[in-house]
Structure formats: C-alpha cells, structure tokens
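# Notes for the structure review
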Amino acid sequence: MLDEVKARLETFVPDAGRIETAVDLTRLLKDRGLPQTSTAFVVPLGLQGKRAGDATGVFTQEYAVTVGVLLVARSHDQTGSKALDALWPVILQVMNALGGWSPGTEFGVFELRRGDIAGMSGGALLFMLEFSINDQLRITVQ
C-alpha cells in the first residue's frame, strides 16, 4: 500500500519535493540524516483492530491501517513559523490527495486522523500527517 500512496502523492502533490517510502524511518534518518531539500516520507504506522462481529460460521472484524506522511521542510528561522507557513500549501495538497481516496481496497477510503509538528531538527521542520483506511477480516470458521 505504501507504493500506491507514494504514487498518488507524486501525482497530486507537486510541491512536496522528493517522495520516498520508509519502513524504518528512524534508522533511515539516523544513517542518512535529514534531507537537504524538501522531502516527504510515506511510512507505515500500524493497524488497530475494532470490535469483532458475531455470526455463525463466519468471523468478521473491521480494522484500520494507518499510514503517515512525514513532510520535511528546511527552516531558516529559529521558531519554524516561516517554514510552517511555507509548508501549509503542501499539507493541504496531501490532505486533498489522500482524503476519501482508496488504493484499491474494496472496503474503505483514507480518512485524515491527525496532523502535527513532529519536531525541528538540523534546520528542518518535520510535520506528520496520519491517514487511516478501514478494511475487514472475513474468515470462514471451520
């Protein structure tokens, strides 16, 4: 699913700069450091099961898969406010690109969960957007 999200962002978020997928973002940033140009990372943030259904012979349970889009913008002011102002149009582009979109699953579409400043480091502002998509387990019980 990460590759589908990446492709969607490459098509609909022209101002994001380079877009990469990263399963282990922490290690990637530790090994390579923060990028010198604006970049977006698509990262898996896990899944969460919801209440299971009770039906004879079939086990059903909805769950939500969450994907993060970490935006990295160079900041040239100590507070980061100028970088956040410059990043706001990209944040809106990401929300418009992923909100209500399905990467081909039959059950759900992406919903915005939250967005927040993830930190400032090495002259860069980090902003994380989280999107979840619902799906369903459907298992015939033997």
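The following refers to the structure shown. (Residues numbered from 1 in each chain as written. Predicted model: local features only at pLDDT ≥ 70, side-chain atom pairs only at ≥ 80, totals over all residues. Heavy atoms only, no water.)

What holds strands together in a sheet is hydrogen bonding between their backbones, with the strands either parallel or antiparallel. What the five strands build is an open sheet, ordered 1-2-3-5-4; its pairing is mixed. Looking at which strands have only one partner, the edges of the open sheet turn out to be strand 1 (18–21) and strand 4 (110–121). Looking at each pair of strands side by side, their axes are set apart by 25° on average, direction ignored. Direction of pairing for strand 1 relative to strand 2 (residues 39–55): parallel, over a ladder of four bridges. Bridging across to strand 2, Thr21 finds its partner in Val42. Packing against the sheet, helix 3 (residues 81–98) makes contact with strand 3 (58–74), strand 4 and strand 5 (124–140), and its axis sits at approximately 15° to strand 5. (Pairing = 2+ DSSP bridges. Helix = DSSP H or I, 4+ residues; strand = E, 2+ residues; numbered from the N terminus. Axes fitted to C-alpha atoms, helices over the stretch in contact; angles between N-to-C directions. Contact = heavy atoms within 4.5 Å.)

On to the packing of aromatic side chains. The final tally for this structure, using the stated rule, is one aromatic pair. A ring pair is formed by Trp101 and Phe110, whose centres lie 5.9 Å apart and whose planes are at 15°; its orientation type is stacked. Comparing Trp101 with Phe110 shows no difference in burial state: the two are buried. (Phe/Tyr/Trp six-rings, centres within 6.5 Å; stacked < 30°, edge-to-face > 60°. Buried < 20%, exposed > 50% of the residue type's maximum accessible area, 1.4 Å probe, protein only.)

Time to look at the pairing of strand 3. Along strand 3, 13 of the 17 residues are buried, which leaves the element largely enclosed by surrounding structure. Counting the residues that bridge the hairpin from strand 2 to strand 3 gives two residues, and of these Gly57 lies at a positive phi of roughly 85°. Alignment of strand 3 against strand 5, held across 17 bridges, turns out to be antiparallel. By the bridge assignment for strand 5, Tyr63 is matched with Asp135.

Before going further, it helps to examine the side chain of Ser132. Following the sequence through the fold, Ser132 ends up in strand 5. On the basis of relative accessibility, which here comes to 3%, the residue Ser132 falls in the buried class. Polar side-chain contacts of Ser132 include one of 3.2 Å to the side chain of Arg113. With sequence-adjacent residues up to four places away left out, Ser132 is seen in contact with Ala64, Val65, Thr66, Val109, Phe110, Glu111 and Arg113. (Polar contact = N/O pair within 3.5 Å; in protein donor to acceptor, adjacent residues only side chain to side chain.)

Our next topic: the environment of Gly115. When you line up the elements, Gly115 lands in strand 4. In this structure the C-alpha to C-alpha distance between Gly115 and Gly68, which are 47 residues apart in sequence, comes to 9.2 Å. For Gly115, the contacting residues outside a window of four places in its chain are Phe127, Met128 and Leu129.

Right, let's get into the environment of Phe59. Tracing the backbone through its elements, the reader meets Phe59 in strand 3. Since its relative accessible area comes to 29%, Phe59 is described here as partly exposed. Along the primary structure Phe59 and Leu137 are separated by 78 residues, whereas in three dimensions their C-alpha atoms are 7.5 Å apart. With residues up to four places along the chain from it excluded, the contact list for Phe59 reads Ala52, Leu137, Arg138, Ile139 and Val141.

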